[in-house]
Amino acid sequence: AHRKQHKNACKQRAAELKDEQLYCQGLERPEGDFCPLCTLPIPFDMYDHSVLMACCFKMICNGCAMVAKKRGMFDCAFCR
């Protein structure tokens with residue numbers, strides 16, 4: 001008896017929860033996909049658009065690496 005009173009509302013809410021679950025999957029990028037210096041996302045293909053620093057294993061975007069070299073910083077811009 002109770003289910004009949006709100007059967008449509010329950011179906012609608014179940015559909016909303018399923019939509020939320022489906023639409024929330026895969027849209028967020030992992031933390032490692034962002035440059036730790038400028039905090040901008042590194043474009044895909046990440047290995048073509050970033051430099052891996054061996055000292056701290058941070059991926060730094062090519063823009064930040066270029067700016068660091070122009071300023072005379074030839075060591076790690078993140079560790080400095």
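Here the structure is a predicted model, which means the values were calculated and not measured.

(A) Quick look at helix H3 (residues 62-70). All buried positions along H3 are accounted for by Cys 64, Ala 65 and Ala 68. Down the axis of H3, the buried set is contained in an arc of 100 degrees. They therefore lie on one face. Buried residues along H3 sit in contact with strand S1 (50-53) and strand S2 (58-61). Just downstream of H3 lies Gly 72, where phi reads positive at about 90 degrees.

(B) Seen up close, the pairing of S1. Note that S1 and S2 share four bridges and pair antiparallel. Following the sheet pairing, Ser 50 is matched in S2 by Cys 61. The antiparallel pairing of S1 with S2 creates a hairpin that spans four residues between the two strands, and Phe 57 there sits at a positive phi of about 55 degrees.

(C) Just the nonpolar core, in detail. Counting nine residues, the largest nonpolar core is built from Cys 35, Ile 42, Met 46, Met 53, Met 59, Ile 60, Cys 61, Cys 64 and Cys 76. At three residues, S2 tops the list of elements feeding residues into this core.

(D) A look at the side chain of Asp 33. Its location among the elements puts Asp 33 in the loop between helix H2 (7-23) and S1. We classify Asp 33 as buried; its relative accessible area is 11%. Excluding residues that lie within four positions of it along the chain, Asp 33 makes contacts with Leu 40, Pro 41, Ile 42 and Met 46.

What counts and what doesn't
Residues numbered from 1 in each chain as written. Predicted model: local features only at pLDDT ≥ 70, side-chain atom pairs only at ≥ 80, totals over all residues. Heavy atoms only, no water. Buried < 20%, exposed > 50% of the residue type's maximum accessible area, 1.4 Å probe, protein only. Helix = DSSP H or I, 4+ residues; strand = E, 2+ residues; numbered from the N terminus. Arc of directions from axis to C-beta. Contact = heavy atoms within 4.5 Å. Pairing = 2+ DSSP bridges. Core = buried A, V, L, I, M, F, W, Y, C linked by side-chain atoms within 4.5 Å.

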